[in-house]
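# Summary of structural features
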Amino acid sequence: MQRIGVWCWRRRVLVVGLWLLAMAGGAVAIGPLFAGMGDTTTLPGTETGRAQTVIDGAIDHGEQFFAVVDNVDAGSAATTAALAGAAGDIRAITGVRSVDGPIAATDGRAATLIVTLAPAESQYQPFTDAQARWSELTAALPGATVSVGGGDLIGDEANAAVQDDLRNAEIYSLPLTLILLLLIFGGVAAAALPAVAAIATMLGATAVLLGFSSVVTIDANAITVVTLLGLGLSIDYGLLLVARFRDELTRTGDRIEAVAAAWHTAGRTIGFSALTVVAALAGLMAFDVGELRALAAAGIATVIVAMLAGITLTAALLGFVGRWIKPRQRHGRTQADSGFFAGLARRTQRRPWLTLAGCAVVLLALAAPLLHVIIKVPQLEGLPRTLESVQVADVLDQRFGISSQAGVAVLARTDPATLDGYAQPWAADPAVARVEPASAVGAGVSMVVLDVHGDGQGAGAQALVDRLRQDRPAGYESWVTGDAARLMDLQERLIDGLPLAVAIVVLSMLTVLFLMTGSVVVGVKAIVVSALSLAATFGVLT
């Protein structure tokens with residue numbers, strides 16, 4: 001590593017120029033990366049995955065959403081006339097496929113229109129035109145409120161919220177981090193290096209992730225990983241390298257020699273640390289689950305770019321600003337012998353077994369909630385209630401009996417009436433709260449939702465999925481889907497991939513740590529401590 005550090009120091013103009021190109025490429029890649037994001041929640045090869053493929057192939061319309069008019073008398077002549085007029089006007093908008101309704105709420109105090117757009121590359125104009133028309137209902141019906149959401153708008157608003165959160169994280173986190181670095185280093189030049197490396201890492205990893213998207217489906221969560229992991233690792237690596245450079249500068253006084261010594265120790269540590277993290281993330285690729293593979297791709301790309309930025313860009317930047325970075329000040333005892341952590345290390349070494357037992361007990365206690373953990377697939381409960389589309393989905397479920405996310409559903413290649421004939425007898429099943437009327441998904445494909453008592457992904461819902469899969473309708477092809485069915489398929493995928501994932505992580509980490517330390521014991525210790533720490537972390541989050 002010391003040769004790399006010295007080479008980058010001496011050829012700093014070239015190195016910084018290459019990184020500027022990489023950062024520009026990352027900035028350009030942001031648009032195509034977001035445009036190319038796909039659905040990672042589908043599990044290809046499972047029954048729910050095959051059902052989603054059928055749905056995608058059958059749908060012959062654009063986005064569908066609901067306009068809910070609240071605080072009205074749904075049965076009054078004025079409300080009926082106003083809604084009928086709005087529905088007629090919206091149907092006449094170019095790009096609108098159909099308008100269904102109005103449908104009255106069970107309490108009679110609200111009504112909804114179901115708007116379906118025609119398929120098009122951009123559906124923005126018909127949506128905004130329809131939005132402008134139904135907003136006029138507040139004037140025609142004094143006291144009424146109009147909300148739009150449900151259906152396809154939930155995913156659209158959730159993705160937009162993720163992008164806004166990422167922008168806010170970048171706007172606020174970098175300045176705060178820079179302030180902390182100023183306090184740590186006491187100088188602008190030293191504090192700026194990790195911050196610059198963080199920006200380079202996030203942009204560079206975005207470009208790499210765009211390349212990954214050709215083989216792995218990427219979702220919005222991957223961008224979150226790039227931003228947060230890139231910021232954290234880059235600051236960590238930059239902090240270690242600059243601090244070590246200052247220590248070596250105190251010893252030698254020669255800046256090139258200080259870079260060589262710092263990169264020989266801290267640079268080597270960073271290299272092996274990054275490889276260890278990559279090895280751990282590679283284990284996620286063993287699971288045939290799109291969400292986990294997207295996270296793995298984002299993590300691997302970010303770690304590799306952060307390591308390269310730390311080792312090359314930081315050295316090059318030191319060549320430009322190194323003259324303004326002062327050696328660390330020594331006062332009295334040497335830095336290695338003073339300070340809180342030095343004292344903690346001495347006390348720990350004096351009582352190693354007592355410390356080990358105490359830490360193990362604390363970590364196991366924190367991990368205890370994992371014994372009762374319940375795995376679920378994300379539902380509307382995981383989305384903020386500030387999103388209008390989510391608020392509308394709640395109203396539709398509670399007051400209209402229309403589910404936006406079905407716990408259990410049956411998809412079939414038949415018409416709605418025939419599917420209703422199969423589904424209605426299931427209303428007598430103890431787990432079923434109600435059977436919603438079947439609806440057409442597309443040409444020759446229909447779906448019926450079976451609302452269940454209690455948790456839509458609980459044991460009762462999963463038992464109902466098993467019964468439905470064992471008693472399928474005769475005469476046409478069908479699939480049992482919904483959140484409960486997807487959870488069952490997901491758990492099966494996780495169990496199938498777990499042995500290979502554990503093998504990849506353990507063998508890779510043992511190999512990397514053995515190459516770094518020459519000891520098998522250190523590798524085993526690191527794996528055990530990592531497992532305990534990870535279990536404690538998940539326990540706290542449970």
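Everything discussed here concerns the structure shown above.
Note that the structure is predicted; figures quoted are calculated from it, not measured. (Residues numbered from 1 in each chain as written. Predicted model: local features only at pLDDT ≥ 70, side-chain atom pairs only at ≥ 80, totals over all residues. Heavy atoms only, no water.)

## Re the overall build of the protein chain
Condition: A run of H or I in DSSP counts as a helix once it spans at least four residues, and a run of E counts as a strand once it spans at least two, with each numbered from the N terminus. A 1.4 Å probe rolled over the protein chains alone gives each residue an accessible area, and that area as a share of the maximum for its type sets the label: buried under 20%, exposed over 50%, partly exposed in between. Under the convention used here, a 1.4 Å probe and the Shrake-Rupley method define accessible areas, while residue burial counts only the protein chains that appear. The charge count includes Lys and Arg as positive and Asp and Glu as negative, but it does not include His or the ends of the chains. Lysine's charge is taken at NZ, arginine's at CZ, aspartate's at CG and glutamate's at CD.
Scanning the protein chain from terminus to terminus reveals 18 helices and 9 strands. Summarising its shape, the C-alpha atoms of the protein chain cover approximately 90 × 50 × 40 Å along the three principal directions. Looking at the protein chain residue by residue over its 542 residues, the buried ones come to 43%. As displayed, the protein chain offers around 26700 Å² of accessible surface, 64% of which is attributable to carbon and sulfur atoms. Looking at charge distribution, the protein chain has the averaged site of its 36 positive side-chain charges lying 21 Å from that of its 45 negative ones.

## Examining a nonpolar patch on the surface
We apply this condition: Excluding any residue in a salt bridge, patches collect residues exceeding 30% relative accessible area, merging like charges within 9 Å and nonpolar Val, Leu, Ile, Met, Phe, Trp and Tyr side chains within 5 Å. The salt bridge criterion pairs a side-chain nitrogen of Lys or Arg with a carboxyl oxygen of Asp or Glu, the two atoms within 4 Å.
Taken together, the side chains of Ile171, Tyr172, Leu176, Ile179, Leu180 and Leu183 present a nonpolar region at the surface, about 690 Å² in accessible area. Here Leu180 lies in helix H7 (residues 153-185). You can call Leu180 exposed: its relative accessible area is 53%.

## Some remarks on the side chain of Glu248
Rules: It only takes one pair of heavy atoms within 4.5 Å for two residues to be counted as in contact.
Within the secondary structure, Glu248 sits in helix H9 (residues 220-252). Excluding anything up to four places from it in sequence, Glu248 contacts Gly253, Ala258, Ala261 and Ala262.

## With respect to the pairing of strand S2 (residues 96-104)
Cut-off, in case you're wondering: Here a strand pair is declared whenever DSSP counts at least two bridges between the two strands.
Pairing analysis gives 6 bridges linking S2 to strand S3 (residues 110-117), with the strands arranged antiparallel. Across the sheet, residue Ser98 finds its bridge partner in S3, namely Thr116.

## So, the packing of helix H16 (residues 459-470) against helix H17 (residues 483-517)
Put simply, the test is: Each axis is a line fitted through C-alpha atoms, taken for helices only over the stretch in contact, and angles between the N-to-C directions span 0 to 180 degrees. Convention used here: angles under 35 degrees read as roughly parallel, angles over 145 as roughly antiparallel, angles from 65 to 115 as roughly perpendicular, and any remaining angle as oblique. Classification convention: Asp, Glu, Lys, Arg as charged; Ala, Val, Leu, Ile, Met, Phe, Trp, Tyr, Cys, Pro as nonpolar; all other residues, Gly among them, as polar.
Between H16 and H17, whose axes approach to 9 Å, the crossing angle comes to 90°. The orientation of H16 relative to H17 falls into the category roughly perpendicular. Residues Ala461, Gln462, Val465, Asp466 and Arg469 of H16 form the contact with H17, whose own contacting residues are Ala484, Ala485, Leu487, Met488, Asp489 and Gln491. The residue inventory of the contact of H16 with H17, partitioned by class, reads 6 nonpolar, 2 polar and 3 charged.

## A closer look at unusual backbone geometry
Here the residue pair Gly101 and Pro102 is connected by a cis peptide bond, since its omega of 10° sits within 30 degrees of zero. Secondary-structure assignment places Pro102 in strand S2. In this model, Asn71 sits at a positive phi of 60°, which is unusual for a non-glycine residue. Relative to the elements of secondary structure, Asn71 occurs in the loop between strand S1 (64-70) and helix H4 (77-91).

## Description of the packing of aromatic side chains
Where two aromatic rings form a pair, the distance of their centres and the angle of their planes describe that pair. Note the cut-off: Two rings belonging to Phe, Tyr or Trp (six-membered ring only in the last case) form a pair when the distance between their centres is within 6.5 Å. Interplanar angles under 30 degrees mark stacking, angles over 60 mark edge-to-face geometry, and anything in between is tilted. For a ring to carry a charge above it, either NZ of a lysine or CZ of an arginine must fall within 6 Å of the ring centroid while also lying within 35 degrees of the normal to the ring plane.
Across all of its chains, the model carries 4 aromatic pairs by this definition. One aromatic cluster in this structure is built from Phe65, Phe127 and Trp134. Above the ring of Phe320, the side-chain terminus of Arg12 is found at 5.8 Å from the ring centroid. Against the face of Trp324 rests Arg323, its NZ or CZ located 5.3 Å from the ring centre.

## Things to note about the sheet that holds strand S4 (residues 145-149)
The sheet built from 4 strands is open, its strands ordered S2-S3-S1-S4 with antiparallel pairing. Because the sheet does not close on itself, it has two edges, and the strands there are S2 and S4. Taking each pair of neighbouring strands and ignoring which way they run, the sheet shows an average axis angle of 20°. Where helix H14 (residues 388-400) meets the sheet, it contacts S1, S2, S3 and S4, and its direction lies at approximately 105° from that of S4.

## Things to note about the pattern of salt bridges
Going through the model one piece at a time under the given rule, you end up with 18 salt bridges. With a shortest N-O distance of 3.1 Å, Arg244 and Glu248 are connected by a salt bridge. Highlighted residues: Arg244 and Glu248, both in helix H9, separated by 4 residues, approximately one helical turn. Exposure remark for Arg244: the relative accessible area of 31% places this residue in the partly exposed category. The class of Glu248 is buried, set by a relative accessible area of 8%. Here Arg467 ties to Asp429 by a salt bridge, and the two come within 2.8 Å at their closest N and O atoms. Here the residue Arg467 occupies a position in helix H16, and Asp429 occupies one in the loop between helix H15 (416-423) and strand S6 (432-435), the gap between them amounting to 38 residues. Look at Arg467 and you get partly exposed, because its relative accessible area is 31%. Accessibility expressed as a relative area gives 12% for Asp429, which makes it buried. Within this structure, Glu47, Arg469, Arg472 and Asp489 form a network of salt bridges that share partners.

## Focus on the nonpolar core
The condition is simple: Here, nonpolar core refers to any group of buried Ala, Val, Leu, Ile, Met, Phe, Trp, Tyr and Cys residues whose side-chain atoms link them within 4.5 Å.
Ranked by internal contacts, the top residues of the largest apolar core, which has 57 residues, are Leu209, Phe245, Trp263 and Leu318. Broken down by secondary-structure element, the contributors of at least two residues to this core are helix H1 (2-10), helix H2 (12-35), H7, helix H8 (188-212), H9, helix H10 (255-282) and helix H11 (290-321). The element contributing the most residues to this core is H11, with 14 residues. Excluding its chain neighbours within four sequence positions, the residues that come into contact with Leu209 are Leu33, Ile218, Ala222, Ile223, Val226, Ala297, Ala298 and Ala301.

## Digging into the packing of H17 against helix H18 (residues 520-541)
Put simply, the rule reads: What makes a crossing left-handed is the near helix being turned counterclockwise from the far one by less than a right angle; a clockwise turn instead makes it right-handed.
H18 packs onto H17 with a crossing angle of 135° between their chain directions and a minimal axis gap of 8 Å. Looking at the two axes, H17 sits oblique to H18. For the pair H17 and H18, the sense of crossing is right-handed. Two secondary-structure elements touch here, H17 through Val506, Met509, Leu510, Leu513, Phe514 and Thr517 and H18 through Val520, Val522, Gly523, Val524, Ala526, Ile527 and Ser530.

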